[in-house]
Amino acid sequence: MIGFTQANVFLNNTLAKLVAAIVILLLGLLFGRVLSKLLSKILKEINLNLFLKDELKVNFPAEEFISRVVMYIIYFTALILALNQIGLTTTVLYTILITILVIIVILTALAFKDFVPNITAGFYIHHREHLKKGDNISVDNVKGKILDINLIETRIKTKEGDEVLVPNSLLLRNKVEVRK
């Protein structure tokens, strides 16, 4: 008789915690979505994207980005609270954090896979000084006059008047003909 009562109390407590966790998740999803839409409308009303484009010369969808970040922060907070309600916070939180760190490392590696060789080639080109602004060159399928050389890319103006950006690593990998 005592064992049945303890099992019943345990089942009731577990069920109550599970229901509370589900309610927290649903409220978090609802609150996150509503707050995200409200914030998006406020940011559109103050023309944040237009301000960034005009004043800071940055073309970035900040209104959408900020509202989405807020939404996901609320979702994440609701998830943590729900997991805490059923007693799984620590294990799941560590798993989520490790997954996020792995994703960040992978995205960083992918972002820099072209950046690092171009910067290295840019330093090499500037150090050797065998290509200069004003030189007429031919590399790969591009023929024209060098307008600018920076650390990442070289800007070339073709005979047709087009401006072409050539990655510096391409200048080192391919044969470059310089006609002065």
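It is the contact of helix α2 (residues 48-55) with helix α3 (residues 62-86), at a shortest axis distance of 7 Å, that shows an interaxial angle of 130 degrees. Taken together, the axes of α2 and α3 lie oblique to each other. Seen from α2, the contacting residues are L48, N49 and L52; seen from α3, they are A62, E63 and I66. Here the residues of the contact of α2 with α3 sort into 4 nonpolar, 1 polar and 1 charged.

Across the chain, pLDDT averages 85, with 97% of residues at or above 70. Within the chain, the lowest mean pLDDT, 79, falls on α2, and the highest, 91, falls on strand β3 (residues 153-158).

Moving on, we get to the packing of aromatic side chains. If you walk through the whole model with that rule in mind, you get 1 aromatic pair. Between Y72 and Y75, the ring centres sit 5.8 Å apart and the planes meet at 80 degrees, which makes this aromatic pair edge-to-face. Taken together, the residues span about one helical turn, with Y72 and Y75 both in helix α3 at a distance of 3 residues. For Y72, a relative accessible area of 46% puts it in the partly exposed group.

So, on to the environment of R179. Note on placement: R179 falls in strand β5 (residues 176-179). In the structure, R179 is positioned 35 residues away from G144 in sequence and 9.7 Å away in space, judged by C-alpha atoms. Residues in contact with R179, not counting those within four places in the same chain, are N136, I137 and S138.

For the rest of this paragraph, the subject is the pattern of salt bridges. Tallied over the full model, the rule gives 2 salt bridges. Here R155 ties to E163 by a salt bridge, and the two come within 3.1 Å at their closest N and O atoms. You can call E163 partly exposed: its relative accessible area is 49%.

The subject of this paragraph is the sheet that holds strand β4 (residues 163-167). In spatial order, the strands read β4-β3-β2-β1-β5; together these 5 strands make up an open sheet with antiparallel pairing. Edge positions in the sheet fall to β4 and β5, since each of these pairs with one other strand and no more. The average undirected angle you get between the axes of adjacent strands in this sheet is 40 degrees.

Grouped together as the largest cluster of nonpolar side chains are 11 residues: I125, L131, I137, V139, V142, I146, I149, I156, V166, L170 and L171. Of all the secondary structure elements, the ones that give two or more residues to this core are β1 (136-139), β2 (142-149) and α6 (168-173).

Attention shifts here to a nonpolar patch on the surface. Judged by side-chain polarity, L15, L18, V19, I22, V23, L26, L27, L29, L30, V34, I86 and L88 come together as a nonpolar surface patch covering roughly 1100 Å² of accessible area. Among the elements that make up the nonpolar patch, the one with the highest residue count is helix α1 (residues 2-45) (10 residues). Among the secondary structure elements, V19 is positioned in helix α1.

Of the two faces of β3, the one lined by T154, I156 and T158 is fully buried and the one lined by E153, R155 and K157 carries no buried residue. With 5 bridges connecting them, β2 and β3 associate as antiparallel partners. Counterpart to I149 in the pairing with β3 is T154. The sheet contact formed by β3 and β4 spans 5 bridges and is antiparallel. Each bridged residue has a counterpart across the sheet, and for R155 the counterpart in β4 is L165. Two successive antiparallel strands, β3 and β4, enclose a turn made up of 4 residues, where G161 displays a positive phi of approximately 95 degrees.

Calculation rules
- Residues numbered from 1 in each chain as written.
- Predicted model: local features only at pLDDT ≥ 70, side-chain atom pairs only at ≥ 80, totals over all residues.
- Heavy atoms only, no water.
- Axes fitted to C-alpha atoms, helices over the stretch in contact; angles between N-to-C directions.
- Helix = DSSP H or I, 4+ residues; strand = E, 2+ residues; numbered from the N terminus.
- Parallel < 35°, antiparallel > 145°, perpendicular 65-115°, else oblique.
- Contact = heavy atoms within 4.5 Å.
- Nonpolar A, V, L, I, M, F, W, Y, C, P; charged D, E, K, R; others polar.
- pLDDT = per-residue confidence, 0-100.
- Phe/Tyr/Trp six-rings, centres within 6.5 Å; stacked < 30°, edge-to-face > 60°.
- Buried < 20%, exposed > 50% of the residue type's maximum accessible area, 1.4 Å probe, protein only.
- Salt bridge = Lys/Arg side-chain N within 4 Å of Asp/Glu carboxyl O.
- Pairing = 2+ DSSP bridges.
- Core = buried A, V, L, I, M, F, W, Y, C linked by side-chain atoms within 4.5 Å.
- Patch = residues over 30% accessible without salt bridge, like charges linked within 9 Å, V, L, I, M, F, W, Y side chains within 5 Å.
- Areas by Shrake-Rupley, 256 points an atom, 1.4 Å probe, with all protein chains shown as cover.

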